[in-house]
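The residues making up each chain are set out below.
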Amino acid sequence: MFSPPLGRDDTENVSPAPTAIRGRRRQRPPSSDNSVQQPKAKRQRVPLSDQTSANPDAGPETYEVKSARPSMVELKQDGIEEPLASKQELSFRSKKARLGDRFSKGDGSTLLSTNIAFDVRKLPALPDRLKLDATSRQHGCTDGFTGYALSLSHTHAIVWPYATSTQTPESFIFTLPHPSKLSTDPLPLGALVPPSASSSEPGLVVVMPITGKVTYWESISSATTLDFMRQQQNGVEDSIPGIYSGETIIHIIQAESAAGFVLAFSSGRMAYLSVRDAHGRPKISTQFLRTGLGPASSGFFGSLRHALSHNALQGDIAAIRSERSSKQGECTVVAATSKGRLHSWRVHRGGHHDILADVDARSTILEAVQQVDQSSAKMPAESFRILDFSYVPRGLDQKYNDLSQLRQSPLSEDQQHLLLLTSLSDKQACRYALVEVVLSAGVSDDPIYIGMVRPISAYSTPLDPHALTKPRLYLPRPNIITFLVFNHAAVVASIAQHPDTPDSQILEDNHLLPASFEDVIDLRVDPTLEIVGSGIEEPHTHGFGASEGRAPRIRPKNPAAILLVRGVGTLRIALTDVERFASEKPPEVTAKAKLEQAVFFGVKEDNPLVFDVQHGLHFADSQYGAAALELSQEILTSASRHFSSLAARVDTNIKERVRYLEKIMTQLKSLRVNLDRVTKWQLLWNAEKMHVANVIWHKHEDFTQLRPAASKKSIVAEIVEYIRSEEKSEPNAAKGEVDELRHWFIRDVDRMEIFIAWAYEVIKHNSKANLDEESLTRLIYEAAEIYNSAIRDAFVFRTRNLRLYGLDSEDLEHGILATNYTGLPTPWTCHPFIANNVKRQVELSTEWVKQHWTAEPKAQDVLIQKTRGLLPQMTEVYLTVVQELSRSYLASDDPKKAADGQKYDSIYEQDRHDKVVLLAQTENWEAGIKIAESHGSLPALAQILTREIDGLRNQLLSPCLSPEQAEKLESKMTVKEDQVREYFETYGKDFAVPFYEYLFTTYGVDALLEYDGDKKYKTMYLRTKPELAKVSWINDIMCEEDIDHAADTLLDLGLAREQQVWNKKIELSLGKLARMAESSRPSSKASASVQDASVNGIYEDATVNAIDKELAIIGVQDDLYNTQILPVVSVALDGEELSLVQETFSLKIPKKYKILSQIFDDALRRLLDHEALDPLTLIDLLTLIALPPETKEQMPDQFFSAIRVAYNGLNGAERVQAERLIWRRCFLREDWTQLNNTTLKNDNDIVEVLGQTDLFQFYCTLYANQQSGGDDNNYRRLAPSEAAGVFTEILDRRFAKMEKGYREKVLEAMRWEDSNLVKHIEKHRLDQWAKETRKYAEEAVNQQYDETTAAGAVSNSPKPGSTKRQSKVFEAMNGQNGTH
């Protein structure tokens, strides 16, 4: 009845039991006369003993009492019925077990649930018959005083000691002499009769509800004695007289300490049933009580009509209860109808009775309930019902009266102190309440007093009309806690007084007192499971109303409720400390407590209890979240009281904790708790740690098996030993905790990130300790296994369990969040310690494999090969860890973490290339390609593929290859080259650029130009690389045949980027040539318009003009270098070139303005390095250089060259400013103070001096260039006053980004130049001297032209550089004219 059917093994243990309880028959000698069978000899039942129990075929001590005609008692094995023989076997009682043997041994119970207030345990004792029959209609009760339980079906009554520690207790099965006719009939009613003076075992009375047949067994054990039963045959079976047609018996309760019972009938009538006479001998007698609850007439029609009408007004009798009186042989009985009528009697032994009270308390109770419970006030009053009630125990010490909300029990026995269980219901729910009632006899004004009203908020499930039992209310001593038992649940509700503290006084004044303790024990949803009987166990100690006379067999320290559950067995709900409910800190039902129950006990598949029904206990989602996190942490550290510090099998312990963590989430989901995102991730991370702990432990066992016998200490044990004491919990040696490794896996799994990080540290410490290579190789391999399997499996676990943790909407890649780390703590898998040490482990393992790949012994070579195989996975783990760390830190509000996030992001960007490429060193080609693709490192992908192909090409060059090997290598290389082409198509430019970059930097220009696997992206790559413009030009000509773009490439390079003057000259020349060649080709498009041709022509002219200008500037630079610098450099010693040139060509500039010397020296150095000088720098060089007279005539005038540079290289205001600077410096080349002083000088002296000035030569060159048409530029002649003021406030663009101090020094030098010029203008008539000099210079040039023309030497026309000749002409001209 109370548990699922037994399996085959259990059945086999039951079937042979008769041989264990009956002595073996002695074989009679064969008789020739078989017509008359001799009667069987009596056999005595052998009591169970240690020897009997040792027999594997022995069964439990079970007795069956059958009623027959004539009545006989037959012993049979529980659960196995024997057919009735023609003659009844006789059985005798065995020796009874001692009380201590039955009740004092360990209870052997199974813990089904526990919390801070109570434990729920399944008691082991259950008769086999009930185990095998789990579906039939049965009900029963328990008696905590005698320690027996009773179960009744239509045909049998079973009695057994429910609290014994054996699974199959000594049980008594009684076959009912008058069984029910139909299975739908009401079940028989029964009760255990208190033991008589001559027996220690209770008796049994069974009443058939319809027929009124009564059967009484004085003692459950003596009923097995055949002779006794024969003697008492007529006295132990009887019928209740006067039962109406259609009337049934619905209740039976014990009325007084002897053998009296009160019966309640469906009609409302009450009867007193006695099973012993005045002398204590078995005798059944019945007497109806006077009551207003039932019909008065006895006719069939009248009685039925009166019963129906009466019950409609008053309701059925909900319950009857009795209370012993202080007078011997008396008791008080109260009956309550479902609609609220209370009736009480004083009943004397023999059935004599007095009516004490008859009160209709419905309206009074209903008003009190609705006044206290606002939810009940909303429900219809017609639904009010009294479900059950209990007497409030009397005789408690005063301190216990003070601890209860109930009033102190009245001293007068005419007042009945009751606690009622009431209900109000609507279509959706039912509200239950406990109501304290004092019923007074003989008081007409106010016979009923309402005390405490205690609503039940934790349970609101409506009643099941088909339940086998009605709800029961139990109030055990000391009146602090109540048990409410329903058909599928039991409620533990406190009625303790709130502690009298200042805080409670404040809360009470503000009506904020917290609700008293309530909790619900629910049965699993299963048609088989149902509570079919109940009872209580209460303490009988001093102050708890210790009973007089016989001591109870069950003596608990705290109250308990006993439940008979069909399909399960006997459950005990035992309080842990009843007085704690009235303490200053009473037990509370918290979210954590409920969650803890569900996790640790709901995970058991055979647990009949269920924990996902919330009822009225509702907690906020945040409370559940905090509770889940706390519980999860306790599971990781085994900090809960449900865990032991000892685990014989660590893997079993870990798996169990993994199940607990999963149960947390399934329970929260079943409760529809909406956790916040952070809590979900924290719970998932904790589960990951537990999963990883399981992985690592199995790795440890694998390592241990592979290690030699002399070295069984794996790296897992080493790590635990090396971890600092402040980063782990130390085992308590005083308590026998000596295994540090197991202790860590039990207590410290929450610090998994520390454990993993220490793997590398162990190797580092051992290498410093000069560990031998073989052992170090093993440690490196084991560490690689730890890093690879632990973190990778954590990511896999995370991905697979997103839905379980409500994170299925999160976007993961490689097992980590792709985005949205905002608000999340740093994941444990990317702890900085882990990221740092995984990186070091990857580098160490790679280097170790490279060094020992083939040089080690065979055994060690296996580990090297395994380590090599782990490198790709470990590399990917490392990259994922660093990526997760950078993403997490970048999303942090902490500025320091955000800065570190930038650093880790840079590390990831670098290492996703470097660490992947590192795999090529160990020839993990395919794995490297896969990781490079996975992490988007296309440069690494290109590099690995290129290196692999190059390696295959080098292998093909080996002369030792066989044709088969060569063919295999060629085939493999072809596959790889095809793979490269596929990547070009797949990734396009993103792959092509790094591919060609590596190809060029590693194998040079030839490899780049000769690669024929791609054309499109190679050209694009070259054209987007300015530094490869020369190669791009070659590619344009050779591969693309695009002369136009080749010209553009060269011209762009020469005009904008080339730094070397010779290269620039060549590039511009070739570009110009290519442009001209392309323009001379006929157009490829016949439809090209005239307008397009015109535009192209203009563009071509502009380009050629720009080229010519650049070439002109280069020509000036070449003239300066070839004619002036080169002769000096050619005679200089190595390394002394610059200093010699500076010494030869430097002007004398005051030290105060040495910044001009620095500008000149920098330009001179660049000239020596053959750099292509920018126009402004070249102008500075030409205007600041002092050319020796012996080489000066070998180049055009330096200031004229500077003017040409300005006109070819500058535009707009910048050119104007440069012209002014050139003229100013030209004017300042002479000492106009001396020139202006003509005192005592003749004309020839003055003319000779003017003819030697740089200004005169500058004017001559300008005029000669103008007259000869040397170029189209109209060079201006500036007066000294026009040149004054240039660059005294703002410098040219070269100095814009230089330091302010440097710019100030340059400006100061410019102002110095300008002040000298202004001085000469103002004091030495420089403007007039300039005009005079220009006039004489132009006349000299004209005279030179005239002489040349006259001589017919057109070919020898004056050249701009012939300044000396022009000077002589000027002197001759002055001599002839004699002018000043």
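Quick caveat: nothing in here was measured; it's all calculated off a predicted structure.

One open sheet accounts for 4 strands, arranged S8-S9-S10-S11; its pairing is antiparallel. Edge positions in the sheet fall to strand S8 (189-193) and strand S11 (237-239), since each has one partner strand and no second. Along the sheet, successive strands turn relative to each other by an average axial angle of 15 degrees, direction set aside. Direction of pairing for strand S10 (residues 213-217) relative to S11: antiparallel, over a ladder of 3 bridges. Note on S11: the bridge partner recorded for valine 214 is aspartate 238.

So, about the pattern of salt bridges. Counted by the stated rule, this structure contains 59 salt bridges. For glutamate 537, the salt bridge goes to arginine 572, with nearest N and O atoms at 3.1 Å. Taken together, the positions of glutamate 537 in strand S28 (residues 530-537) and arginine 572 in strand S30 (residues 569-575) put the pair 35 residues apart, joining distant regions of the chain. Pair check on accessibility: glutamate 537 and arginine 572 agree, each one buried. Note that arginine 1224 is salt-bridged to aspartate 1314, the shortest N-O span being 3.3 Å. Of this pair, arginine 1224 sits in helix H37 (residues 1212-1227) while aspartate 1314 is found in helix H42 (residues 1300-1323), placing the two residues 90 residues apart along the sequence. Residue classification places aspartate 1314 among the buried residues on the basis of a relative accessible area of 11%. Via salt bridges that share partners, Asp1180, Arg1224, Arg1225, Asp1292, Arg1294, Glu1313 and Asp1314 belong to a single interconnected network.

Among the 7 residues that make up S30, 6 are buried, leaving the element largely enclosed by the rest of the structure. The sheet contact formed by strand S3 (residues 118-123) and S30 spans 6 bridges and is antiparallel. Following the sheet pairing, leucine 123 is matched in S30 by threonine 570. The pairing of strand S29 (residues 560-566) with S30 spans 6 bridges and is antiparallel. If you follow valine 565 over to S30, its bridge partner there is glycine 569.

Moving on, we come to H42. Relative to the 34 Å expected for 24 residues at 1.5 Å per residue, H42 spans 34 Å between its end C-alpha atoms, a close match to the ideal helical length. The complete set of buried residues in H42 reads Val1306, Leu1307, Ala1309, Met1310, Glu1313, Asp1314, Leu1317, His1320 and Ile1321. Buried residues belonging to H42 abut helix H33 (1154-1168), helix H34 (1175-1184), H37, helix H38 (1232-1236), helix H41 (1280-1283) and helix H43 (1326-1350). Where H42 ends, the next residue or the one after it, arginine 1325, has phi of about 55 degrees, a positive value.

Turning our attention to unusual backbone geometry. For the peptide bond that leads from arginine 477 to proline 478, omega is 10 degrees, which places it in the cis range. Tracing the chain through its elements places proline 478 in the loop between strand S24 (472-474) and strand S25 (481-485). Of note, serine 638 is a non-glycine position whose phi angle comes to about 50 degrees, a positive value. Locating serine 638 in the fold gives a position in the loop between helix H13 (621-637) and helix H14 (650-670). Relative accessible area serves as the criterion here: at 1%, serine 638 is assigned to the buried category. Not every positive phi belongs to a glycine, and phenylalanine 1287 is a case in point at roughly 55 degrees. You can see phenylalanine 1287 is positioned in the loop between H41 and H42.

With that out of the way, let us pick up the side chain of asparagine 401. Relative to the helices and strands, asparagine 401 is located in helix H10 (residues 398-403). Residue classification places asparagine 401 among the buried positions, given a relative accessible area of 16%. In this view, asparagine 401 contacts Leu396, Leu406 and Gln408; residues no more than four positions away in its chain are not counted.

Read across the open sheet, the 4 strands follow the order S12-S13-S14-S15; overall the sheet is antiparallel. The open sheet has two edge strands, strand S12 (249-254) and strand S15 (282-288), and neither has a second partner. Strand-to-strand twist of the sheet, defined as the mean angle between neighbouring strand axes without regard to direction, takes the value 20 degrees.

Next up on the list: the confidence of the model for the protein. The predicted model of the protein has a mean per-residue pLDDT of 81, with 80% of residues at 70 or higher. Scored below 50 in pLDDT, residues 231-235 makes 5 contacts in the model with residues more than four places away or belonging to other chains. Between residues 296-310, whose pLDDT stays under 50, and residues either more than four places distant or in other chains, the model counts 19 contacts.

Summed over all chains, the structure comprises 35 aromatic pairs. Look at phenylalanine 118 and phenylalanine 517: their rings are 6.4 Å apart centre to centre, the planes differ by 80 degrees, and that puts the pair in the edge-to-face class. Of the two residues, phenylalanine 118 sits in strand S3 while phenylalanine 517 sits in the loop between helix H11 (502-509) and strand S27 (518-523), which places them 399 residues apart along the sequence. Consider the rings of phenylalanine 984 and phenylalanine 995, whose centres lie 5.3 Å apart with planes at 80 degrees: the pair is edge-to-face. Separated by 11 residues along the polypeptide, phenylalanine 984 in helix H25 (residues 963-987) and phenylalanine 995 in helix H26 (residues 989-1010) bring together distant segments of the chain.

Analysis parameters
Residues numbered from 1 in each chain as written. Predicted model: local features only at pLDDT ≥ 70, side-chain atom pairs only at ≥ 80, totals over all residues. Heavy atoms only, no water. Pairing = 2+ DSSP bridges. Helix = DSSP H or I, 4+ residues; strand = E, 2+ residues; numbered from the N terminus. Axes fitted to C-alpha atoms, helices over the stretch in contact; angles between N-to-C directions. Salt bridge = Lys/Arg side-chain N within 4 Å of Asp/Glu carboxyl O. Buried < 20%, exposed > 50% of the residue type's maximum accessible area, 1.4 Å probe, protein only. Expected span 1.5 Å × (residues − 1). Contact = heavy atoms within 4.5 Å. pLDDT = per-residue confidence, 0-100. Phe/Tyr/Trp six-rings, centres within 6.5 Å; stacked < 30°, edge-to-face > 60°.

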